[in-house]
Amino acid sequence: MRIACLGGGPAGLYFAISMKIRNPEHEVDLFERNRADDTFGWGVVFSDETLGNIEAADPPTFAAITRAFAHWDDIEIHYRGAVLNSGGHGFSGLARVKLLEILQERAAGLGVELTFETEISDLDALGEPDLVLGADGVNSRVRERFAAQFRPRIDWRPNRFIWLGTTLPLRAFTFFFKADPHGLWRVHAYQFDAEHTTFIVETTEGTWRRAELDEAGEDGTIAFCERLFADELRGHRLLKNKAVWRQFPIVRNESWHDGRHVLLGDAAHTAHFSIGSGTKLAMEDAIALAGALARAPDDLPAALAAYEAERRPAVESTQRAAAASLRWFEETERYFGVLEPPQFAASLLTRSLRITHENLKLRDPEFVAGLDRWFAAGAARQSGAKVPLDPPPPPMFTPFRLRDLVLPNRVVVSPMCMYSAADGMPTDWHLVHLGSRAVGGAGLVMTEMTDVAPEARISPGCAGLWSAEHARAWRRIVQFVQAQGGRIGVQLGHAGRKGATRVMWEGIDEPLPEGAWPIEAPSPIPYLPQSQVPVPMDRAAMERAKADFVRAARLADEAGFDLVELHMAHGYLLASFLSPITNRREDEYGGSLENRARFPLEVLRAVREAWPAGKPVSVRISATDWIPGGFDGDDAVALARLLKGAGCDIVDVSTGQTDPAARPEYGRLYQTPYADRVRHEAAMPTMTVGNISSRADVNSILVAGRADLCVLARAHLWDPYWTRHAAFEQGYALPWPNPYCALAGYTPRFQ
Ligand SMILES: Cc1cc2nc3c(=O)[nH]c(=O)nc-3n(C[C@H](O)[C@H](O)[C@H](O)COP(=O)(O)OP(=O)(O)OC[C@H]3O[C@@H](n4cnc5c(N)ncnc54)[C@H](O)[C@@H]3O)c2cc1C
Ligand SMILES: Cc1cc2nc3c(=O)[nH]c(=O)nc-3n(C[C@H](O)[C@H](O)[C@H](O)COP(=O)(O)O)c2cc1C
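The following refers to the structure shown. These figures come from a predicted structure and were not determined experimentally.

Quick word on the site of ligand 2
Lining the immediate environment of ligand 2, one finds 17 residues, of which S414, P415, C417, N691 and R714 sit closest. C417 has a polar backbone atom sitting 2.8 Å from a nitrogen atom of ligand 2. Here an oxygen atom of ligand 2 sits 3.1 Å away from a polar atom, N or O, in the side chain of H567. Protein chains bury 86% of the 600 Å² of accessible surface belonging to ligand 2 in isolation. Class assignment for the residues of the shell around ligand 2 results in 8 nonpolar, 6 polar and 3 charged.

So this is what it looks like as structure tokens:
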């Protein structure tokens, strides 16, 4: 095969090597615009976990790379005078120039034609090779030339960073966080050989401009950074190497191949340097592409398709982690000075979701014990409850106070419609469903959306609370839960324009074919084209709905509920006032957020007044509509502040379901960033919900301060004893109800 390879970075060189190892007959011409010993930047990092692939692909290269490695286990975080150390991470680093030298030598030894100082600007000048490799980095010419086929999307991120070097010796992968009058600066630093340390300085665009670094040049930047980091550098100098301030581009392509052209490494995809995976991804691409070509030597389209199919899931997963990590560094101001040092460290270490509380514990049990002790002591102070500190409980088993209510742990059973009521009356299904989840150990069990009037229901099967009879039926359930030591909250709601629909299993959101009741909303916009058109609410209708909420809150107290949650999410009545997608009013209830929130806040204040002062009120919101021009994160923060002012004690942060036009970005913990943001920016306790399913995630969220309570829905449908299982797996003793006391000496086996 005749191959023209653009780019002599890790992707191009390692692909050339991988091809020649498989078949020395391949003719590989590699063109690199730089000199052989030129390089931008300083060191590159690999985590221990990533080295296996490289070892298997080419043992001699692996041996040469590992001989050049500096290795370290610890991450050290310098934050407001504290130095926090977390061990067991396992990284290796080497100079980028050294890595390239090793790869160049190996490639040349295998017979790759290496041509340096040759920039390929015209791809046609390459003649007619069988394969053209676009390994030409982040500004790839190959990608640009065939943009119509690759369909690249490049997201230039706002932070500024510069890749510097220094002679400062460091024993760990080190993060420095430092504020000066211009703003907050972050440094990612690691020593990669006997004399050199990579020192990447990163900050927001605003801070960078205030410091006038946009006009400083390399020398000016170095002088500024040496002054700023004089204490950290301990007399060492910063070194220059044609460094420039950059913005990070997240590169994605719809396709990585077209005809005989294929993209690899940074040309195809980038992953932010804060997770140190760019070089690894580039080299893994090279291994996969060479493998795919060997498996289908006579069918290039099939080989290229197989390469992309193999690599895309792994690359996208790394890109998701890298994007979360990148966002953390874009938003560090949110945490700096707000979080105490242990929590700041936990937030930093778990930022990409790749490393959890569980992983940290395996890597460095002592560090996590300290973290858990710090968290437990805070929980004891916050709740006024006794919490053992030696050993401390896992974060999820610490108490949390809301007014007079003290939850024994941080796990919440999410509200879930059961569509099993008749005329709003809860049945034995609800008793068993909610009762078993209370026995299952969750700190708080929430009822499904419980409607405040018959015409406020989503479906004929929805539960309600509008009469003394309903309160009596609920009381039976509430008393059962509380008798098991559980706490139970009721979610009060009004379906608004999503009302009068079928039960879930007969067609969610589909209008009732018969027996539908009239529905109302802020504006006459049907949910689906075939849905009923809601009647726009006038003042009298609002008064009626508010009175229904107040009556339901009083009945909820009669029933003995511990907490009331107002449902202002998912496109139901109160949510549809909040979202500009569903609220098109031109009166004082539409337009600005303040206007759109007017009626929901009125309801909240009225409920707060009717509900006992010692009992908490929570509000569930959709923090984003996932629709351009819709309700979004900034609105969620502003709303949370308004809710706080109106007596809300905790915001239960969900997202979406406002309108069928939504395009949610689903994924693990996909709604948690919104809870984190509301918690820190509105200084409001939060619950987080959405694709949380492991105890590792729950503990990580809590200890990092992303939310105060973790709400699990489908995980609890699957396993009513989810909390008990989590306790057992962590060696934490959760007392059983008396009838199950026989379990005291019993050890379950799940496999
Ligand atoms: C600040 C920073 C820190 C980083 N830290 C790390 C880290 O610690 N660990 C890690 O794994 N990764 C790190 N990376 C990422 C890493 O550098 C890249 O992901 C990796 O180099 C990708 O390899 P590549 O071969 O695809 O691209 P590159 O290494 O960019 O190589 C592309 C090559 O193509 C050449 N080229 C481009 N156009 C042409 C042309 N028209 N003709 C001829 N030659 C051309 C370029 O000169 C270049 O040498 C970091 C990146 C940055 C910006
Ligand atoms: C069967 C079912 C019914 C639901 N009913 C409600 C509800 O009544 N009120 C509500 O706010 N959310 C409701 N939801 C949404 C969940 O509370 C939760 O926000 C969502 O399922 C995401 O959490 P998970 O990933 O843990 O399932 C329901 C979800 C399911 C699966």
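Some words on the packing of aromatic side chains
Evaluation of the coordinates by the stated rule reveals 34 aromatic pairs. Seen in terms of ring centroids, Y79 and F336 are 5.4 Å apart; in terms of plane orientation they differ by 85 degrees. Their pairing is edge-to-face. Here F336 lies in the loop between helix 11 (300-330) and helix 12 (341-349) and Y79 lies in strand 5 (residues 75-79), a separation of 257 residues in the sequence. Y79 sits in the buried class, given a relative accessible area of 1%. With a centroid separation of 5.1 Å and 80 degrees between ring planes, the pair formed by W328 and F329 is classed as edge-to-face. For the residue pair W328 and F329, the accessibility class agrees, reading buried in each case. By the ring-pair criterion, three or more aromatic residues cluster together here, those being W72, Y79, F91, F173, F175, F177, Y190, W328, F329, Y335, F336 and F344. The lysine or arginine in question, R457, covers the ring of W517, its NZ or CZ lying 4.6 Å from the ring centre. Seen from the ring of W736, R724 lies directly overhead, with NZ or CZ sitting 3.9 Å from the centre.

Quick notes on the sheet that holds strand 17 (residues 257-258)
One open sheet accounts for 6 strands, arranged 8-2-1-9-18-17; its pairing is mixed. Every interior strand has two partners, whereas the edge strands, strand 8 (113-115) and strand 17, have only one. For strand 9 (residues 131-134) and strand 18 (residues 261-263), the ladder comprises 3 bridges, and the chain directions are parallel. What sits directly across from L133, in strand 18, is V262.

Quick word on the site of ligand 1
The full set close to ligand 1 counts 31 residues, and A11, E32, R96, D266 and T279 are the nearest of them. One nitrogen or oxygen atom from the side chain of D266 is found 2.7 Å from an oxygen atom belonging to ligand 1. Alone, ligand 1 offers 990 Å² of accessible surface; in the complex the protein occludes 94% of this. For the shell around ligand 1, the elements supplying multiple residues, two or more each, are helix 1 (10-22), strand 3 (43-47), strand 11 (160-166) and helix 10 (278-295). Examining the composition of the shell around ligand 1, we find that 4 residues originate from one element, helix 10, more than from any other. Residues of the shell around ligand 1, tallied by class, amount to 13 nonpolar, 11 polar and 7 charged.

Some remarks on the pattern of salt bridges
Overall, the coordinates contain 49 salt bridges when judged by the stated rule. A salt bridge links E520 to R544; the shortest N-O distance between them is 3.9 Å. Of this pair, E520 sits in strand 24 (residues 520-521) while R544 sits in helix 18 (residues 539-559), and the two are 24 residues apart along the sequence. Given the relative accessible area of 17%, E520 is considered buried. By relative accessible area, which is 47% here, R544 ends up partly exposed. The partner of K615 in a salt bridge is D557, and the shortest N-O contact between them spans 2.7 Å.

Rules used throughout
Residues numbered from 1 in each chain as written. Chains lettered and ligands numbered in written order. Predicted model: local features only at pLDDT ≥ 70, side-chain atom pairs only at ≥ 80, totals over all residues. Heavy atoms only, no water. Near = heavy atom within 4 Å. Polar contact = N/O pair within 3.5 Å; in protein donor to acceptor, adjacent residues only side chain to side chain. Areas by Shrake-Rupley, 256 points an atom, 1.4 Å probe, with all protein chains shown as cover. Nonpolar A, V, L, I, M, F, W, Y, C, P; charged D, E, K, R; others polar. Phe/Tyr/Trp six-rings, centres within 6.5 Å; stacked < 30°, edge-to-face > 60°. Helix = DSSP H or I, 4+ residues; strand = E, 2+ residues; numbered from the N terminus. Buried < 20%, exposed > 50% of the residue type's maximum accessible area, 1.4 Å probe, protein only. Lys NZ or Arg CZ within 6 Å of the ring centre and 35° of its normal. Pairing = 2+ DSSP bridges. Salt bridge = Lys/Arg side-chain N within 4 Å of Asp/Glu carboxyl O.

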